Amino acid sequence: MALEWAKLSYCKRKQVGALIVKDRMIISDGYNGTPSGSENCCEDDTGKTHWYVLHAEANAILKLAGSTQSAQGATLYLTLSPCKDCSKLILQAGIRRLVYINAYSDNEGISFLKNHGIEIIQVLENEL
C-alpha cells in the first residue's frame, strides 16, 4: 500500500510513500511533497529537490499529530528508508518498528534508529 501512496506524490525525481499502522489499522499516511498551499512542484529547473519539500514519513507523522491517534508503539511502512532528520521524528513519535523497501543514499538514519532500539526490517520489492 505504501507503494500506491507514493504514486500520489507530484515529485518527479523520487516518489515516496508512508503508512503508520497500529493495532492492524492504518492510523496515518503520507507521501513526499510540498507544504499545503504551495505549488505542487518538488524540483527546480535543474531537477534538484526544493529544500521545503516534506518527506513522506514527516507528512504522515505531522498528519497524525493533528488527530486523536498516537504513534506510540506503531509500525511505519516506507518505500524508502529515512534520512537523518526524519529518523529523529520517527523516534520522537514513539514508532517502534520500521519496514522499508529501498535504501536511502546514506544509512545514518537507519543506524540512528537501530541504536535506539527500533526494529528495522527491509523488504525487497520482488518479495512483495
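The structure under discussion appears in the preceding block.
Presented here is an overview of the structure given in this document. (Residues numbered from 1 in each chain as written. Predicted model: local features only at pLDDT ≥ 70, side-chain atom pairs only at ≥ 80, totals over all residues. Heavy atoms only, no water.)

Observations concerning the environment of arginine 13
Step number 1: In this structure, arginine 13 sits in the loop between helix H1 (2-6) and strand S1 (17-22).
Step number 2: A residue is classified by how much of its surface remains accessible, and arginine 13, at 53% relative accessible area, is exposed.
Step number 3: When the C-alpha atoms of arginine 13 and leucine 76 are compared, they prove to be 23 Å apart, with 63 residues separating the residues in sequence.
Step number 4: Apart from residues no more than four positions distant in its own chain, arginine 13 is found in contact with Glu43, Gly47 and Thr49.
Step number 5: A polar side-chain atom of arginine 13 sits 3.2 Å from a polar atom in the side chain of threonine 49. (Helix = DSSP H or I, 4+ residues; strand = E, 2+ residues; numbered from the N terminus. Buried < 20%, exposed > 50% of the residue type's maximum accessible area, 1.4 Å probe, protein only. Contact = heavy atoms within 4.5 Å. Polar contact = N/O pair within 3.5 Å; in protein donor to acceptor, adjacent residues only side chain to side chain.)

Quick notes on the pattern of salt bridges
Step number 1: Applying the stated rule across the entire model yields 5 salt bridges.
Step number 2: Across the pair lysine 84 and glutamate 108 runs a salt bridge, and its minimum N-O distance is 3.9 Å. Of this pair, lysine 84 sits in helix H3 (residues 84-93) while glutamate 108 is found in helix H4 (residues 108-115), placing the two residues 24 residues apart along the sequence.
Step number 3: Residue glutamate 108 is classed as partly exposed on the basis of its relative accessible area, which comes to 44%. (Salt bridge = Lys/Arg side-chain N within 4 Å of Asp/Glu carboxyl O.)

Things to note about the sheet that holds S1
Step number 1: The mixed open sheet is built from 5 strands, whose spatial order is S2-S1-S3-S4-S5. Looking at which strands have only one partner, the edges of the open sheet turn out to be strand S2 (25-31) and strand S5 (119-122). Pairwise comparison of adjacent strand axes, ignoring direction, gives a mean angle of 15 degrees for this sheet.
Step number 2: Two strands pair when backbone bridges link them, and S1 and strand S3 (residues 75-80) are joined in this way by 4 bridges, in the antiparallel orientation. In the strand pairing of S3, valine 21 is matched with threonine 75. (Pairing = 2+ DSSP bridges. Axes fitted to C-alpha atoms, helices over the stretch in contact; angles between N-to-C directions.)

Here's the deal with the packing of aromatic side chains
Step number 1: Within this structure, the stated rule accounts for 1 aromatic pair.
Step number 2: Plain terms: the ring middles of tryptophan 51 and tyrosine 52 are 5.5 Å apart, the flat faces sit at 90 degrees to each other, and that makes the pair edge-to-face.
Step number 3: In this structure tryptophan 51 comes out as exposed when scored by relative accessible area, which is 78%. (Phe/Tyr/Trp six-rings, centres within 6.5 Å; stacked < 30°, edge-to-face > 60°.)

With respect to the nonpolar core
Step number 1: By size, the foremost hydrophobic cluster in this structure holds 22 residues, and its most contacted members are Ile20, Leu76, Ile95, Leu98 and Ile120.
Step number 2: Of all the elements in the fold, those that place two or more residues in this core are S1, helix H2 (56-65), S3, H3, strand S4 (97-102) and H4.
Step number 3: No other element matches H2, which puts 4 residues into this core.
Step number 4: Sequence-distant contacts of isoleucine 20, defined by excluding residues within four places in its chain, comprise Met25, Ile26, Ile27, Ser28, Ala60, Ile61, Leu64, Ala74, Thr75, Leu76 and Ile95. (Core = buried A, V, L, I, M, F, W, Y, C linked by side-chain atoms within 4.5 Å.)

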